[in-house]
Amino acid sequence: MSLIWRLNTVSSLQKKFVLSSRLKLPPNRLSSHHSVKNDVPYESSIHRNKNENSMKNKIPTEADVVVIGAGSVGCSTAYHLSKLGAGKVVMLEKSQITSGTTWHTAGILWSFRHSESETIMQLQTKDLISKVLPEETGEDAGWLETGTLNLAKTKHQFIDFLQNSAFAKTMGVDILQLQPNEINDIHPLLNTSDLYGAIYSPACGTMDPATYCMSYVKAAAKYGLEMIENCTVKGITTKEDYLGLKRVQSVETNLGTIKTNNIVNCAGAWAPYIAQTINENVPQLVYKHAYVVTEAIEGILNTPMVKDHGSIYIKPQGNALQFGGYETNPILVENLPQDFSFGLYDLDWDIFSIHTNAAINRIPAVETTGIRSTVCGPESFTPDGKPNMGESTQVRGYFHGSGFNSGGMMLGGGAGRQLAHWVIHGKPEIDLVNCDIRRHPVNLSNPNKWLLEKCHEKFARRYSVHFPHDQSLGGRNQRRGRLYQEHADAGALFGNKFGFERPAYFVKDKDGHPQSNLNVLEYDFYGAYDNKPHDRDYYCDEVLKDCTFEFPEKSHQLIGEECMKCRNSVAVFDLSYMAKLYIGGKDANQTVAKLLTRDITKTNNRFVYSLMLNKDAGVECDVLATKITNKSGETEYYITAPTSAAQHCHSHIQHLIQNEKLHSTVEDRTEDISIISVQGPMSGHVMYELTKDAALEKLKYAQWKSTKVGDYEIMLGRVSFVGEFGFEIHCSSDHVNKIFSQVMDEVHKHDGCMAGFRAMESLSTEAGFHHWPHSINANINPIEARLTQFCSPSTKYLGGEALESLKSLPNQKLLAYFTVDSNVPTIGHEIILRNNEIVGFLRSSDYGYSLGTNIGYGYVKIPSVTDKIIESGDYQIEIMGERYPAKASITTPYLPHLSKMFKMRQFT
């Protein structure tokens, strides 16, 4: 967590560790921009047959796809495009294969990461390097299986490893828990005196980058890949379509122009230079990242790799060691030379010495061993530690494949496969929302400041514990809703979503009054770069109490109180941060009919819950939509979607419009419209007193009407996301403060309260509502998610035909709701066991205060699974390595029919 980690590191930032006099250092032989082709950190070097058909210097005049950059990601992408039949594929490299950052990579491949998607891509990489490529080329691809010991010094670190490895176990990865006294049986040279335990993953290994990348090129040659080295991209030309939207037309190089409609930018740290030619932004920064290789150490041969939580990684390299880590004061590379090739920087020992100290602590033999070589090179890092992948939101046919946070080798195999699917089929084969370029927030007040702070914090905290309710400190206060001050005055503890500051819950002091000093302070870089750490940070103090894998005592109580106010009286949620999109134009009706799984073109004054599907019937998003008439008398469609889905939905709609050649527009008006949600049994009384509109009693669920609060016009709908009788006020953001003030005056008369998104997540989980992109995503269809009742019998909408065909096939997985009575919370990713066999993991979970139990959503993955099979099993949920009895059901355990939400009430 930011605070625990912060408290342990801020004081040490000013110190310079003194290296042991017995530690022999190499001469400082590397310049800041120096070609070191004969000093590669691996025993192997790059060998090429210049006469191979895969290596060309003559540029073609046209291609179906052009891949820019021949590092691990680019080579994998080009190979998969060629193999999957993308047509004529050309890969361009400004220098030589691996010459960017790939050549100096640490060459590590872990078995699991913090997300399902990244774990899958890493497992795909392993399959490629250990099996597929050797079979295709008849040669070794550079793989060596070593295993990894993930070392934890504290209980929290150990639990973090358990949480992160849980879903990997559902994919067949072997994960073993070790006590400290068992660790030396696997690695006898480790100091275990300060360890709490370890997780051992035997399937991890090391990769030789040169051999690996050349294997791709050799394998792809038989599929027609054209590889052109010493080819510098000068620019990308685009053309506008009938809607004025850009599409890729060609790529211009120093060797000539290639006509193409598809470009994949895999240029790594140099990707922003390519993107600048079409005014495309790539949210990533470059830092100097280093490791060292020791002289020979007796007994180190054939030992596993080590990931020492909170400090360093250690990798055996023959009879020597390679080690490095992530420091709090990394050096930013502000102007990376465009011609930088096979280059390294001088290693700053004052910065790196913290890793040397950690290596000596973990393997004492390092202290008396010399350093054979040092490697310090440029690596690109993103604001959230996930790669930037997928098609541009501004230019069709332009794809991102960069920003791999020094993990391009281990992710590259799977990433290239997914990018190839994206280009050919319009979407990846797995859910990649967390890596999609569209996930980054827009309309920030200071994008450059946000980028600098977020990238630094992700780099510096790379090996820190990931608590479920931790909050980032960098990149904050970029998007504040109109009600920010009202929330702050009421004691809001803010969380951050898609750049928005939104209340998580409301904090009270010991006297029960709102704690109003919880503003997020200016980012202090944790004291790095001569920044003075904050003397007292009340926000951090409060967040620290949430940083636990158990139920946080204070917030658990406060969130519970907000939930029960909603269930028994009335609570007010600010939903203004939700995405709000408007579809208009002469083909608006056709667009919406093709877009949504329910036909709303003939409805009036109705909010309709609907899905947006892809061509394979995967759920791209779930939305609330209604038909309106604008001030010009024209028909428009107003759609609200999850906060972080704004760009995702906008792009999906825009692509549909273009693909269908419709004359429509889609506009994001999130900032213009505010939403106040008033929920609970007393909500009708509140709204009647505010509007004096007796017709509200006759307003059925999902209906809306135009009315007024005081002098201000509003769209008032009977809508609930928490399973209660409730209303939503949609109004102009210019008037929301005055309206909110009147709402809260009336709410307080009924002993109601403001409530945050943590309460809403809990309440909606109880009520059985999905949470995109966790319990539903682009690789889950409505049948599996039990959402077919929200899909029209017609198959005219996108994905309709695919959905219809799926109905005749047996289900491979099916949604179930789980309740788990335990003294620890479920947060998602916990393993589901049926009759002692792993059948999946929880995709989302929360504590249900009304029922006093954990509630989780998970997909039971069994061939030909049915409701009967689900209900007949004996279930357990594995939480933090311990198994707890669980009950499975095919309906939500709280009010399965949502009777409170639909029931009419009298309140006048």
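See above for the structure.
None of these values were measured; they are calculated from a predicted model.

Definitions and limits used
- Residues numbered from 1 in each chain as written.
- Predicted model: local features only at pLDDT ≥ 70, side-chain atom pairs only at ≥ 80, totals over all residues.
- Heavy atoms only, no water.
- Helix = DSSP H or I, 4+ residues; strand = E, 2+ residues; numbered from the N terminus.
- Buried < 20%, exposed > 50% of the residue type's maximum accessible area, 1.4 Å probe, protein only.
- Contact = heavy atoms within 4.5 Å.
- Areas by Shrake-Rupley, 256 points an atom, 1.4 Å probe, with all protein chains shown as cover.
- Expected span 1.5 Å × (residues − 1).
- Axes fitted to C-alpha atoms, helices over the stretch in contact; angles between N-to-C directions.
- Parallel < 35°, antiparallel > 145°, perpendicular 65-115°, else oblique.
- Left-handed = near helix turned anticlockwise from the far one by under 90°.
- Nonpolar A, V, L, I, M, F, W, Y, C, P; charged D, E, K, R; others polar.
- Pairing = 2+ DSSP bridges.
- Salt bridge = Lys/Arg side-chain N within 4 Å of Asp/Glu carboxyl O.
- Bend = angle between axes of the 7 residues up to and from the residue.
- Phe/Tyr/Trp six-rings, centres within 6.5 Å; stacked < 30°, edge-to-face > 60°.
- Polar contact = N/O pair within 3.5 Å; in protein donor to acceptor, adjacent residues only side chain to side chain.

**A look at the overall build of the protein chain**
Part 1 of the reasoning: Helix and strand counts for the protein chain stand at 21 helices and 44 strands.
Part 2 of the reasoning: Over its C-alpha atoms, taken along the principal directions, the protein chain stretches across nearly 85 × 65 × 55 Å.
Part 3 of the reasoning: Across the 908 residues that make up the protein chain, the buried fraction comes to 62%.
Part 4 of the reasoning: Nonlocal contacts in the protein chain, meaning residues at least 24 apart in sequence, comprise 75% of its contacts between residues at least 6 apart.
Part 5 of the reasoning: When the accessible surface of the protein chain is split by element, carbon and sulfur atoms take 47% of a total near 34,700 Å².

**With respect to the side chain of Arg 843**
Part 1 of the reasoning: Inspection of the secondary structure assignment puts Arg 843 in strand β41 (residues 837-848).
Part 2 of the reasoning: Apart from residues lying up to four places away in sequence, Arg 843 is in contact with Glu 116, His 774, Ser 775, Asn 777, Ile 780, Tyr 857, Gly 858 and Tyr 859.

**With respect to helix α15 (residues 646-659)**
Part 1 of the reasoning: A rise of 1.5 Å per residue sets the reference length of α15, with its 14 residues, at 20 Å; its end C-alpha atoms lie 20 Å apart and thus fit the reference within 8%.
Part 2 of the reasoning: Within α15, 12 of the 14 residues are buried, leaving the element largely enclosed by the surrounding structure.
Part 3 of the reasoning: Among the residues of α15, those classed as buried are Ala 646, Gln 647, His 648, Cys 649, Ser 651, His 652, Ile 653, Gln 654, His 655, Leu 656, Ile 657 and Gln 658.

**Concerning the packing of helix α6 (residues 209-221) against helix α9 (residues 408-425)**
For any two helices packed against each other, one specifies the inter-axial angle together with the distance between the axes.
Part 1 of the reasoning: Orientation of α6 relative to α9, taken along the N-to-C sense of each, is 15 degrees, at an axis distance of 12 Å. With respect to α9, the axis of α6 lies roughly parallel. In this structure, the crossing between α6 and α9 has a hand that is left-handed. Residues Pro 209, Tyr 212 and Tyr 216 of α6 form the contact with α9, whose participating residues are Met 409, Gly 412 and Gly 413.
Part 2 of the reasoning: Considering only residue class, the contact of α6 with α9 consists of four nonpolar, two polar and no charged.

**Brief notes about the sheet that holds strand β25 (residues 479-480)**
Adjacent strands of a sheet form backbone hydrogen bonds with each other and so pair up, either parallel or antiparallel.
Part 1 of the reasoning: Reading across the sheet, the three strands line up as β25-β27-β26 and stay open at both edges, with mixed pairing between neighbours. The open sheet has two edge strands with one neighbour each: β25 and β26 (492-497).
Part 2 of the reasoning: As defined by bridge partners, β25 adjoins strand β27 (residues 500-506) across two bridges and the pair is classed as parallel. Looking across to β27, one finds that Arg 480 is bridged to Glu 501.
Part 3 of the reasoning: Where helix α18 (residues 757-767) meets the sheet, its contacts fall on β26 and β27, and the angle it forms with β27 comes to roughly 75 degrees.

**Things to note about the sheet that holds strand β6 (residues 143-145)**
Part 1 of the reasoning: Reading across the sheet, the three strands line up as β5-β10-β6 and stay open at both edges, with antiparallel pairing between neighbours. For this open sheet the edge positions go to β5 (108-109) and β6, each flanked by a neighbour on one side alone.
Part 2 of the reasoning: Judged from the three bridges that link them, β6 and strand β10 (residues 205-207) form a sheet pairing that is antiparallel. When the sheet's bridge partners are listed, Trp 143 is paired in β10 with Met 207.
Part 3 of the reasoning: Its contacts with the sheet place helix α3 (residues 116-137) against β5, β6 and β10, and it is angled at close to 115 degrees to β6.

**Side note on the pattern of salt bridges**
Part 1 of the reasoning: Counted according to the given criterion, the structure contains 46 salt bridges.
Part 2 of the reasoning: Between Arg 479 and Glu 671 there is a salt bridge whose closest N-O contact spans 2.7 Å. Separated by 192 residues along the polypeptide, Arg 479 in strand β25 and Glu 671 in the loop between β33 (665-668) and β34 (673-679) bring together distant segments of the chain.
Part 3 of the reasoning: Residue Arg 479 is classed as buried on the basis of its relative accessible area, which comes to 5%.
Part 4 of the reasoning: The partner of Glu 667 in a salt bridge is Arg 669, and the shortest N-O contact between them spans 3.3 Å.
Part 5 of the reasoning: Relative accessible area serves as the criterion here: at 40%, Glu 667 is assigned to the partly exposed category.

**As for α3**
Part 1 of the reasoning: For α3, spanning 22 residues, the distance from its first C-alpha to its last is 30 Å, which sits close to the expected 32 Å at 1.5 Å a residue.
Part 2 of the reasoning: Leu 128 marks the point of greatest bend in α3, at about 45 degrees.
Part 3 of the reasoning: Following α3 by one or two positions, Gly 138 has its phi on the positive side, about 75 degrees.

**Details of the environment of Met 904**
Part 1 of the reasoning: In this fold, Met 904 is placed in the segment after α21 (899-902).
Part 2 of the reasoning: With 187 residues separating them along the chain, Met 904 and Gly 717 place their C-alpha atoms 14 Å apart.
Part 3 of the reasoning: Discounting chain neighbours no more than four positions away, the residues touching Met 904 are Glu 697, Lys 698, Leu 699, Lys 700 and Arg 718.

**Topic: the packing of aromatic side chains**
Part 1 of the reasoning: Under the counting rule described, the total for this entry stands at 32 aromatic pairs.
Part 2 of the reasoning: A centroid spacing of 4.8 Å and a plane angle of 80 degrees characterise the contact between Tyr 609 and Phe 790, whose relative ring orientation is edge-to-face. Separated by 181 residues along the polypeptide, Tyr 609 in strand β30 (residues 608-613) and Phe 790 in the loop between α18 and α19 (800-806) bring together distant segments of the chain.
Part 3 of the reasoning: Taking the relative accessible area as the measure of exposure, Phe 790 reaches 22% and is therefore partly exposed.

**A word on the packing of α3 against α9**
Part 1 of the reasoning: At a minimum axis separation of 7 Å, α3 and α9 run at an interaxial angle of 95 degrees. Comparing the axis directions of α3 and α9 gives the class roughly perpendicular. Of α9, the residues touching α3 (which contributes Glu 118, Met 121, Gln 122, Gln 124, Thr 125 and Leu 128) are Met 409, Met 410, Leu 411, Gly 412, Gly 413, Gly 414, Ala 415, Arg 417 and Gln 418.
Part 2 of the reasoning: Here the residues of the contact of α3 with α9 are counted per class, giving six nonpolar, seven polar and two charged.

**A closer look at the pairing of strand β28 (residues 571-574)**
Part 1 of the reasoning: Of the two faces of β28, the one lined by Ala 571 and Phe 573 and the one lined by Val 572 and Asp 574 are each fully buried.
Part 2 of the reasoning: The pairing of β28 with β34 spans four bridges and is classified as antiparallel. Across the sheet, residue Val 572 finds its bridge partner in β34, namely Val 678.
Part 3 of the reasoning: Pairing between β28 and strand β38 (residues 753-754): two bridges, direction parallel. Within β38, the residue paired with Val 572 across the bridge is Met 754.

**Some details on the side chain of Asn 405**
Part 1 of the reasoning: By the secondary structure assignment, Asn 405 is in the loop between β24 (398-402) and α9.
Part 2 of the reasoning: Using a relative accessible area of 2% as the deciding quantity, one classes Asn 405 as buried.
Part 3 of the reasoning: A polar atom in the side chain of Asn 405 sits 2.9 Å from the backbone nitrogen of Thr 382.
Part 4 of the reasoning: Reaching out from Asn 405, the side chain makes a polar contact with the backbone oxygen of Gly 403 at a distance of 3.0 Å.
Part 5 of the reasoning: If we skip the residues at most four places from it in the chain, Asn 405 touches Tyr 326, Ser 380, Phe 381, Thr 382, Gly 385, Lys 386, Pro 387 and Arg 462.

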